[in-house]
Amino acid sequence: DLAGTLLRDRAWDPGKVAPPDFDEVPPPAFCCSSIPFAPAKDLIVDVPVDPSGFVDVYIDDMIALCVETAGSGNATRLPAAVLMAIHAASRPLAPHEPLPRDPMVMKRKLAAEAGPAECKVILGWAFDFRRMTVALPKNKFLTWTEGLEHMLASGRTSAKNLESTIGRLTHMSMVIPNVHHFLSRLRDLLWRAKRRHWIPLSPACADDIRLMKVFLAQAWKGVSLNLLAYRKPTHVYYSDSCPFGLGGYSTAGHAWRFQIPSDLRFRASNNLLEHIAAIITPWIDIIRTDIQAGDCCLSMTDSSTSEGWARKTNFSELTDDPIQATVRLEVARSHATRMIENGIKDYSQWFPGNENIVADSLSRDDDLSDSALTNLLLSLNLPQVPQKFHIVPLPNDISSWLTSTLQRLPVKEQLREEHKRTNLGRGNDGETGRNLSGSTATPSSAASLQPTSTSYLEHSPWLCEMDASLATFSIPWLKAQSAIPFPMWHRPSGTTANGIPPKMKMAKLADFYSAFSEASKTMIPTRDNKKRSPSVSSANSPNASSRSTRPLSNNWQSEPSSSHVDHASTSSCRLPTPAGQLH
């Protein structure tokens, strides 16, 4: 906070008032001017930008960032402000300090780490702020890759080695979040390895380790910061499923549906079908090249399980049904691999099923043709229907993959249910109970003499001619993300991002707890550690009952003890009243 205040104070000149050892700091290091600045994508949050710079701390590491513009001098002021703040907080308080102490600044690191640069290693990650990437340093990449190759060459491993490997891969997930989908088998192997000295690698675990080498190489190459920031979605997808079919559509208007053949029904659980439908919708756009590297897609689903599986899976082939767990793993991993290989940021969000009208109809109304269902949905003027809504055939690659996936699962009779179609366009009226009259209709008024060639009414524009924007489709997701967690704070200290006050005045702690708790009728035993003689601790003692229980009181301060309580074996606890305020 002090360093940030110095940065914002333009009256402070580090050339006149410089901190000690400032001459040890290297000059600013810039990348080659021929390298273009990578563009930053739109964020979904408002980030406060200070033109003077920003300083934060993680344990004992000071992290300072600024933007160097012509004539600002921010690159020179940045390290000077940090060193000046450290010096001001740790300088000697008297000319002759009785206790000598070392300076807080490590001089041997000034030349290596204190100089501002566009490419910098921060907390173990190599940041390139010109190319907007973050990468795994080369030394970690070589060491971690060598460890994986040693496991593959030996064909076995130990619990200690697995713990270290899983920890490294979890660290890599900071830049490749989808790596969480590929750690479940290694965690199962770790659970079994704790019971023995060495454990052999299964073929499945060996395949996962080989895939981890690919992810390590990608992390070393660098990942765009746009894939790690809290982004504004560029593509929004809706999907739904039932035991008889799947369907989904995008905000661009491309819709699809798949009717499950009769011999493949009741094999996959509804949660698995919901997840398959959620990953097919963006998969279609990847095949059509409608979604590019660096884009951000949001999958809306009415299944909370599918929402969670899109972020992280931990299926166990040891405790779950092996066939079901294997298929779920492969489905989740195929989606994660596509997102990683194509450089796409992926979000998922649950919303109520009664609002998922269009996708529900695509998955259930198999009695209507594509053209009939399209006309029906367009005629209902539903706000979820995009302007260019149309149903397209499912690509052959996806339909073949889906069919082969369902064929691997056995039929489960407990999943069997009756097919229920939606009520869209069907009406709720029953059969009429009246008989039609055989008489001819008699007009009650004469025909209008107005010429038929003249029209006084124009065609009313269809509601969906106003194209549903991405912001409109993202409203459920935005609402779910807009709630600020209660304990969240925003630096610098003294300002908050929620209702937590910076300080709380309490005259008595007992009054504070009494105000936020209710009286309990539960009888709790009184703690008594004194060793009693058999005669005193006998159950026939008339005072035994009074020592055994005491009602819980609202007032936490001690009350006058009764004459039956042994004062030698009980302690009187009185909470002190704080003289000041708690900050």
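Calculation rules
Residues numbered from 1 in each chain as written. Predicted model: local features only at pLDDT ≥ 70, side-chain atom pairs only at ≥ 80, totals over all residues. Heavy atoms only, no water. pLDDT = per-residue confidence, 0-100. Contact = heavy atoms within 4.5 Å. Salt bridge = Lys/Arg side-chain N within 4 Å of Asp/Glu carboxyl O. Buried < 20%, exposed > 50% of the residue type's maximum accessible area, 1.4 Å probe, protein only. Axes fitted to C-alpha atoms, helices over the stretch in contact; angles between N-to-C directions. Helix = DSSP H or I, 4+ residues; strand = E, 2+ residues; numbered from the N terminus. Parallel < 35°, antiparallel > 145°, perpendicular 65-115°, else oblique. Left-handed = near helix turned anticlockwise from the far one by under 90°. Expected span 1.5 Å × (residues − 1). Arc of directions from axis to C-beta. Pairing = 2+ DSSP bridges.

Enquirer: Please explain the confidence of the model for the chain as it appears in this structure.
Expert: Detailed conclusions should not be drawn from predicted coordinates in areas where pLDDT is low. Put simply, the chain has an average pLDDT of 78, and 73% of its residues get 70 or more. The model gives residues 484–518 a pLDDT under 50, and that stretch makes 46 contacts with residues more than four places away or in other chains.

Enquirer: Sorry if this is basic, but what is going on with the pattern of salt bridges here?
Expert: Between side chains of opposite charge, a pair can form when the charged atoms approach closely. Taken as a whole and assessed by the stated rule, the structure comprises 17 salt bridges. One salt bridge in this structure joins Asp 128 and Arg 131, with 2.4 Å as the shortest N-O distance. Judged by its relative accessible area of 40%, Arg 131 falls in the partly exposed class. With a closest N to O distance of 2.9 Å, Asp 290 and Arg 288 form a salt bridge.

Enquirer: Just checking my understanding: could you explain the packing of helix α4 (residues 138–154) against helix α5 (residues 159–172) for this structure?
Expert: Taken N-terminus to C-terminus, the directions of α4 and α5 make an angle of 135 degrees; their axes are 11 Å apart at the nearest point. Comparing their axes, α5 and α4 come out oblique. For the element pair α4 and α5, the recorded crossing hand is left-handed. Here Lys 140, Thr 143, Trp 144, Leu 148 and Met 151 of α4 lie close against α5, whose contacting residues are Asn 161, Leu 162, Thr 165, Arg 168 and His 171.

Enquirer: Teacher, can you tell me more about helix α13 (residues 396–407) here?
Expert: An α-helix turns once every 3.6 residues. As a result, residues three or four positions apart point the same way. Across its twelve residues, α13 extends 16 Å between first and last C-alpha, which sits within 8% of the 16 Å expected from 1.5 Å per residue. Among the residues of α13, Ile 398, Ser 399, Trp 401, Leu 402, Thr 405 and Leu 406 are the ones counted as buried. End-on view of α13: buried residues confined to an arc of 165 degrees, all on one side of the axis. Opposite the buried face of α13, by more than 90 degrees, sit the exposed residues Asn 396, Asp 397 and Gln 407. Of the surrounding elements, those touching the buried residues of α13 are β10 (245–250), β11 (254–259), α8 (270–287) and α10 (322–342).

Enquirer: Just to check I follow, could you spell out the pairing of strand β13 (residues 345–350) for this structure?
Expert: It is a general feature of regular strands that their side chains alternate between the two faces of the sheet. Burial analysis of β13 places five of its six residues in the buried class, which makes it a mostly covered element. Examined bridge by bridge, strand β12 (residues 296–301) and β13 share six bridges and lie parallel to one another. Note on β13: the bridge partner recorded for Met 300 is Gln 349.

Enquirer: Can you help me understand helix α11 (residues 357–364) in this one?
Expert: Counted residue by residue, α11 has seven buried out of eight residues, so it is predominantly covered. Listed in full, the buried residues belonging to α11 are Val 358, Ala 359, Asp 360, Ser 361, Leu 362, Ser 363 and Arg 364. On its buried face, α11 sits against β9 (235–242), β10, β11, α12 (370–379) and β14 (390–391).

Enquirer: What am I meant to see in the pairing of β11 here?
Expert: Within β11, five of the six residues are buried, which leaves the element mostly enclosed by the surrounding structure. Where β10 folds back onto β11 in an antiparallel hairpin, the turn is made up of three residues, including Gly 253, whose phi is positive at roughly 105 degrees. Here β11 runs beside β14; their pairing, made up of two bridges, is parallel. Bridging across to β14, His 254 finds its partner in His 390.

Enquirer: Help me out: how do you make sense of the sheet that holds β13 in this one?
Expert: The strands making up a sheet are joined through hydrogen bonds of the backbone, oriented either antiparallel or parallel. With mixed pairing, the six strands of this open sheet are ordered in space as β13-β12-β9-β10-β11-β14. Only two strands of the sheet have a single neighbouring strand rather than two, namely β13 and β14. Helix α9 (residues 304–311) contacts β12 and β13 of the sheet and is inclined by roughly 160 degrees relative to β13.

Enquirer: Looking at this model, I keep getting lost on the sheet that holds strand β4 (residues 125–128). Mind explaining?
Expert: Reading across the sheet, the four strands line up as β3-β4-β5-β8 and stay open at both edges, with antiparallel pairing between neighbours. Taken across any chain shown, the strands that pair with only one partner, and hence form the sheet edges, are β3 (119–122) and β8 (223–224). Where β4 lies against strand β5 (residues 133–135), three bridges are found, and the strand directions are antiparallel. Bridge pairing in β5 links Asp 128 to Thr 133. In the packing of helix α7 (residues 203–221) onto the sheet, contacts are made with β5 and β8, and the angle to β5 comes to roughly 130 degrees.

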